[in-house]
Amino acid sequence: RVDVVARRSGEERTASFELASGRGAPLAHLSTDKPVYRPGETAHVKGWVRRLTLSNDAHIAPVGGSPTIGYRVFDSFGNELVTGTTDLTGTGGFDIELDLPRGASLGPAHVQIDLVGGDAIGETSWQHQLQIEEFRRPEFEVVTRAESSEPHLLTRPLTVAALSDRAEAFAD
């Protein structure tokens with residue numbers, strides 16, 4: 001098993017790959033456009049499925065044949081929220097839009113992806129986690145202006161004035 005971790009600006013994304021020995025074991029990489037969704041939002045899932053051949057000339061290639069992707073989304077209680085199928089591109093990619101129901105249960109959810117057909121050998125099902133949560137968007141605007149005289153350089157302190165039309169939003 002290989003775990004790949006990518007970190008940027010305090011966010012972390014992970015992908016796991018099961019490395020099976022033999023000829024033609026399929027691998028998948030799945031990602032979403034963001035980690036947290038609200039009920040009623042559309043989740044965008046992209047992925048790639050490749051065939052891994054472990055031998056003296058190990059290589060990764062398209063799956064072959066005419067495979068499709070079956071997908072299902074389950075909430076934290078195991079209830080099925082969304083289901084469907086999509087075709088793989090010639091290079092093994094797919095892009096799915098998942099319309100999450102407005103009444104979806106909050107908490108961890110997962111997308112299950114199944115490779116159907118094609119020349120796949122080995123594991124043909126993968127999961128990707130996402131969160132369904134309610135969150136409040138800020139309903140105020142902050143306006144800033146530089147109080148220090150120009151030019152503004154990183155080598156000198158800068159005084160900035162910040163004004164909000166709703167100061168009580170900061171008191172929550």
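For the structure given in this document, a descriptive report is provided here. (Residues numbered from 1 in each chain as written. Predicted model: local features only at pLDDT ≥ 70, side-chain atom pairs only at ≥ 80, totals over all residues. Heavy atoms only, no water.)

### Brief notes about the overall build of the protein chain
In terms of helices and strands, the protein chain carries zero helices and 13 strands. Taking all 172 residues of the protein chain together, 29% fall into the buried category. Excluding contacts between residues fewer than 6 apart, the proportion of contacts in the protein chain whose partners are at least 24 apart in sequence is 52%. When the accessible surface of the protein chain is totalled, it reaches about 11100 Å², and 51% of it is carbon and sulfur. (Helix = DSSP H or I, 4+ residues; strand = E, 2+ residues; numbered from the N terminus. Buried < 20%, exposed > 50% of the residue type's maximum accessible area, 1.4 Å probe, protein only. Contact = heavy atoms within 4.5 Å. Areas by Shrake-Rupley, 256 points an atom, 1.4 Å probe, with all protein chains shown as cover.)

### Considerations on the environment of His-128
Among the secondary structure elements, His-128 is positioned in strand β11 (residues 125–132). A C-alpha to C-alpha distance of 9.5 Å links His-128 and Val-73, two positions 55 residues apart in sequence. Residues within four places of His-128 in sequence aside, it is in contact with Leu-30, Ser-31, Thr-32, Ala-109, His-110 and Val-111.

### Side note on the environment of Ala-6
Mapped onto the secondary structure, Ala-6 falls in strand β1 (residues 2–8). A relative accessible area of 44% places Ala-6 in the partly exposed class. Those residues in contact with Ala-6 that sit more than four places away from it in its chain are Glu-11, Glu-12 and Arg-13.

### Regarding the nonpolar core
If you look at soluble globular proteins, the nonpolar side chains tend to sit buried side by side. Within the largest apolar cluster, 24 residues are counted, with the highest numbers of intra-cluster contacts made by Val-49, Ile-69, Phe-94, Ile-96, Leu-98 and Ile-113. Among the elements of the structure, β3 (25–32), β5 (42–53), β7 (68–74), β9 (93–99), β10 (107–116) and β11 are those that each provide at least two residues to this core. (Core = buried A, V, L, I, M, F, W, Y, C linked by side-chain atoms within 4.5 Å.)

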